[in-house]
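Architecture and fold: a report
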Amino acid sequence: MARATPPNDHVPYAFERRIMARLADLPATDSWTAWAGMLWRAAAPCLGITLVLSVLTFASGSLGKQEAPLGEALESTVYAALTEPGD
Amino acid sequence: MERTDSELVAAVRAGDTAAFEELVREYQPRVFAMARRYARREEEVEDIVQEIFIKAYQRLETYRGEAPFEHWLMRLGVRTCYDFLRAHRRSREHRFADLTDAEEDWLDRFVAEPASAPEDADAARALVQRLLEMLSPKARLIITLLEIEERSVKEIAALTGWSVPLVKVRAFRARQEMRKCLQRLKPDEYV
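Everything quoted here is computed from the prediction, not taken from an experiment.

**Describing the overall build of chain B**
- Secondary structure assignment for chain B yields nine helices and zero strands.
- Along chain B, helices and strands appear, N-terminal first, in the series α-α-α-α-α-α-α-α-α.
- Here chain B holds 191 residues, and 45% of them are scored as buried.
- A separation of at least 24 residues holds for 60% of the contacts in chain B among residues at least 6 apart in sequence.
- On chain B, roughly 10,400 Å² of surface is accessible, and the fraction owed to carbon and sulfur atoms is 49%.

Put into structure tokens, the structure is as follows:
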């Protein structure tokens, strides 16, 4: 029954003029503004992820149990793929 | 001589904003009809249509001309309507008591003897509308496109940007959701 009654396609008088007027009122956006907007929108999720990761790190206590200095640990992680299993 | 859509799009891109008015004039009846499937109040319909055309103007650079302009515009329209549904989730706590006498009567007749219930009854239309409004935005979009507009799964995937398997899964869930909504309207007795 819903198929048999297609919705009305009536358009209010001079609706296209209204759209054109709205378009004329829109502020011109350059690519830098759009880029800044995207960065601003991404800020909140990034902050959230950083907080969650920080909490997880402290909760697991991995910082306290660290045996090797941070520099050495980083180096072994970076070179892990190049290191032979017997090394 | 009338310009083709491609010529009008090229003109708008070249800075002739007035050419966009011709595109709006050509496609606004179809866009209005689409928006009326998802919004009931006329002010909401006008807001949706306005948003669709403003987005189309702002994103015209992304139209590559591989498909007809109408397909591109309708895809944009479906996504805008979906965003509208998500932003305006009304209270979906309808109950049997919410049904009008006519709707209740039609539902009774339909359950007792489906063939005897008149398909063109206003009560039936109102009931379908009520059921659609109870659905989640995803379910409503899928049911509208698949069952009411009778589009194929492939077409829906192209319109929504969802994959074909995802459309099938969502269609299955949408039908289940619709059944639950009907149960909520007429608990114990039917379905």
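**Section: the packing of aromatic side chains**
Residue and element names in this part refer to chain B.
- One pass over the structure, following the stated rule, counts seven aromatic pairs over all chains.
- Ring plane angle 85 degrees and centroid distance 5.6 Å describe the contact between Y63 and F69, whose orientation is recorded as edge-to-face.
- Residue class for F69 comes out buried when judged on its relative accessible area of 4%.
- Considering the side-chain rings of Y63 and W72, the 5.4 Å spacing of their centres and the 55 degrees angle between planes classify their relative orientation as tilted.
- Exposure remark for W72: the relative accessible area of 11% places this residue in the buried category.
- In this structure, R170 packs its charged tip against the face of W162, placed 4.4 Å from the ring centre.

**Structural notes on the interface of chain A and chain B**
- Each partner contributes to the interface: chain A provides 20 residues, whereas chain B provides 27 residues.
- Each partner contributes to the roughly 2,300 Å² buried at the junction of chain A and chain B, and carbon and sulfur atoms together form 67% of this total.
- Our count for the chain A to chain B interface comes out at three salt bridges.
- Between E16 of chain A and R25 of chain B there is a salt bridge; the shortest N-O distance is 3.7 Å.
- Of the residues belonging to the side of chain A that touches chain B, the class tally is eleven nonpolar, three polar and six charged.

**Some thoughts on the environment of A35 of chain B**
All names here are of chain B.
- Residue placement: A35 occurs in helix 2 (residues 18-38).
- Considering only alpha carbons, one finds A35 and I48, 13 residues apart in sequence, at a separation of 6.5 Å.
- Ignoring sequence-local partners within four residues, the contact set of A35 consists of V45, I48, V49 and C81.

**Looking at the confidence of the model for chain A**
- Taken residue by residue, chain A gives an average pLDDT of 81. The fraction at 70 or more is 79%.
- Element-level pLDDT for chain A is lowest in helix 3 (residues 70-78) of chain A, with a mean of 82, against a maximum mean of 89 in helix 1 (residues 15-25) of chain A.

**Some thoughts on unusual backbone geometry**
- Positive phi, close to 55 degrees, is recorded for A14 of chain A, a residue that is not glycine.
- When you line up the elements, A14 of chain A lands in the segment before helix 1.
- Even without glycine at this site, E150 of chain B takes up a positive phi of about 50 degrees.
- Following the sequence through the fold, E150 of chain B ends up in the loop between helix 7 (137-148) and helix 8 (153-160).
- The exposure class of E150 of chain B is exposed, given its relative accessible area of 53%.

What counts, and where the lines are drawn
Chains are numbered independently. Their residues run from 1 in the order of the written sequence. To label them, take the chains in the order written and letter them from A, then take the ligands in the order written and number them from 1. Reporting of local features is limited, given that this is a predicted model, to residues whose pLDDT is at least 70; pairs of side-chain atoms are given and counted only at 80 or more, and all residues count toward the totals for whole chains, interfaces and linings. Neither water nor hydrogens contribute to the side-chain values; these are computed over all heavy atoms in the structure. Only DSSP runs of H or I reaching four residues or more are called helices, and only runs of E reaching two or more are called strands; each is numbered from the N terminus. Buried residues are those whose accessible area, probed at 1.4 Å on protein chains only, stays under 20% of the maximum for their type, while exposed residues exceed 50% and partly exposed ones sit between those limits. Note on contacts: a residue pair qualifies if any of its non-hydrogen atoms lie within 4.5 Å across the two residues. Using a 1.4 Å probe, accessible areas were evaluated by the Shrake-Rupley method; residue-level cover was limited to the displayed protein chains. Pairing of aromatic side chains here covers Phe, Tyr and the six-membered ring of Trp, requires ring centres within 6.5 Å, and sorts the geometry by plane angle: under 30 degrees stacked, over 60 edge-to-face, intermediate tilted. In this analysis the charged atom, NZ for Lys or CZ for Arg, is taken to sit over a ring once it is within 6 Å of the ring centre and within 35 degrees of the ring normal. Once two parts are joined, some of their accessible surface, as seen by a 1.4 Å probe, is lost; buried area is that loss totalled over both. We define a salt bridge as a contact between a side-chain nitrogen of Lys or Arg and a carboxyl oxygen of Asp or Glu at a distance within 4 Å. When residues are grouped by polarity, Ala, Val, Leu, Ile, Met, Phe, Trp, Tyr, Cys and Pro land in nonpolar, Asp, Glu, Lys and Arg in charged, and all others, Gly among them, in polar. Along the chain, pLDDT gives the predictor's confidence residue by residue, from 0 to 100.

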